[in-house]
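Chains, contacts and geometry: an overview
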Amino acid sequence: MIALLLAQAAIPAAAPAWKLADRTNAAGVRSISASVTGNDGLSRFVVKCDVGSEPIVSIQFIQPQPLGSGADKPVAVRFDGGPAFTYNWQFPGTGTYIADPAAITKLTSFLVKSKTVRVETTNGASFAVQANFVAPTGDAMIRQVLGVCGYTLGVVPAPPPAPKDAP
């Protein structure tokens, strides 16, 4: 009996799996996302494409407790314990996101080649907040999300054409 319990204890818990979600709301806005729950079982890391009047790709870090809202502030993302890629993300409440095409391209390019992801920032009271995630096991899901918004993994999209001036 003890040997069986020890054998079961030696089996590692399954890592959270990445999930793909594809939805269209009543207004016709399509959202496709690839996401994973953090090792803490609460936080989430999301790569998302929303297609409304124009396609928008974002990377999101969602926490169960509010991160604060207001001004943009730095978020550091590390892959496999390496150096941090730090960008200013937007903080609307319990989550934070970035939608800058160059940052999205760099972060997703590293994401699909990594085994782990660590996100570090601060909450509204300036206390450190961090979460660890498993990276996807391949690039197919991330390519699918990016492709819906016209992105190609590893390629910074061209800026949209400037609006023509009305005569």
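Treat the numbers as computed from the prediction; the structure is a model and nothing was measured.

Among covalent bonds in proteins, the disulfide is the one between the sulfur atoms of two cysteines. Summed over all chains, the structure comprises 1 disulfide. The partner cysteine of cysteine 49 in its disulfide is cysteine 149, sulfur to sulfur 1.9 Å. Taking the sign of the S-S torsion, about 90° here, the bridge from cysteine 49 to cysteine 149 comes out right-handed. Of this pair, cysteine 49 sits in strand 3 (residues 44-51) while cysteine 149 sits in the segment after helix 3 (140-148), placing them 100 residues apart in sequence. One exposure class covers both cysteine 49 and cysteine 149, and it is buried.

The next subject is the side chain of threonine 108. Inspection of the secondary structure assignment puts threonine 108 in helix 2 (residues 101-111). A distance of 2.7 Å separates the side chain of threonine 108 from the backbone oxygen of isoleucine 104, its partner in a polar contact. Within polar-contact distance, the side chain of threonine 108 engages the backbone oxygen of threonine 105 at 3.3 Å. With sequence-adjacent residues up to four places away left out, threonine 108 is seen in contact with Val47, Ile59, Ile142, Leu146 and Leu153.

Before going further, it helps to spend a moment on the pairing of strand 5 (residues 70-79). Alignment of strand 5 against strand 6 (residues 84-91), held across 7 bridges, turns out to be antiparallel. When the bridges of strand 6 are listed, glycine 70 appears paired with phenylalanine 91. Linking strand 5 to strand 6, which pair antiparallel, is a turn of 4 residues; within it aspartate 80 sits at a positive phi near 55°. Relative to strand 8 (residues 116-122), strand 5 runs antiparallel, the two sharing 4 bridges. Residue pairing in the sheet places phenylalanine 79 in a bridge with valine 117 of strand 8.

Quick look at the packing of aromatic side chains now. Counted under the stated rule, the structure contains 6 aromatic pairs. Plain terms: the ring middles of phenylalanine 45 and phenylalanine 133 are 5.5 Å apart, the flat faces sit at 45° to each other, and that makes the pair tilted. Highlighted residues: phenylalanine 45 in strand 3 and phenylalanine 133 in strand 9 (residues 128-134), separated in sequence by 88 residues. Taking the centre distance of 5.9 Å and the plane angle of 25° together, the rings of phenylalanine 79 and phenylalanine 110 count as stacked. Taken together, the residues span a long stretch of sequence, with phenylalanine 79 in strand 5 and phenylalanine 110 in helix 2 at a distance of 31 residues. Members of the aromatic cluster, joined through ring pairs, are Trp18, Phe45, Phe61 and Phe133.

This next bit is on the confidence of the model for the protein. Mean pLDDT over the protein stands at 89; residues scoring 70 or higher make up 87%. When mean pLDDT is taken per element in the protein, helix 2 scores highest with 98 and helix 1 (residues 2-10) scores lowest with 47. Considering only residues more than four positions removed or in separate chains, one finds that residues 3-11, a stretch of pLDDT under 50, has 0 contacts.

The rules behind the values
Note on numbering: residues in each chain are counted from 1, in written sequence order. Side-chain atom pairs in this predicted model are given and counted only at pLDDT of 80 or more, local residue features only at pLDDT of at least 70, and totals for whole chains, interfaces and linings cover all residues. To obtain the side-chain values, all non-hydrogen atoms of the structure were used and water was disregarded. Our working definition of a disulfide is a cysteine sulfur pair at a distance within 2.5 Å. Elements are defined by DSSP. Helices are runs of H or I of four residues or more, strands are runs of E of two residues or more, and each kind is numbered from the N terminus. Residue burial is assigned from relative accessible area. The probe radius is 1.4 Å, only protein chains are included, and a residue is buried under 20% of its type maximum, exposed over 50%, and partly exposed in between. Here a polar contact is recorded for every N or O atom pair within 3.5 Å, except that within protein the pair must consist of a potential hydrogen donor and a potential acceptor, and residues adjacent in sequence are included only if both atoms are side-chain atoms. Contacts between residues were defined by any pair of non-hydrogen atoms, one from each residue, lying within 4.5 Å. Here, a strand pair is defined by DSSP locating no fewer than two bridges between the strands. For Phe, Tyr and Trp, rings pair up if their centres lie within 6.5 Å, where Trp contributes its six-membered ring, and each pair is then called stacked (planes under 30 degrees apart), edge-to-face (over 60) or tilted (otherwise). Think of pLDDT as the predictor's per-residue confidence, scored from 0 to 100.

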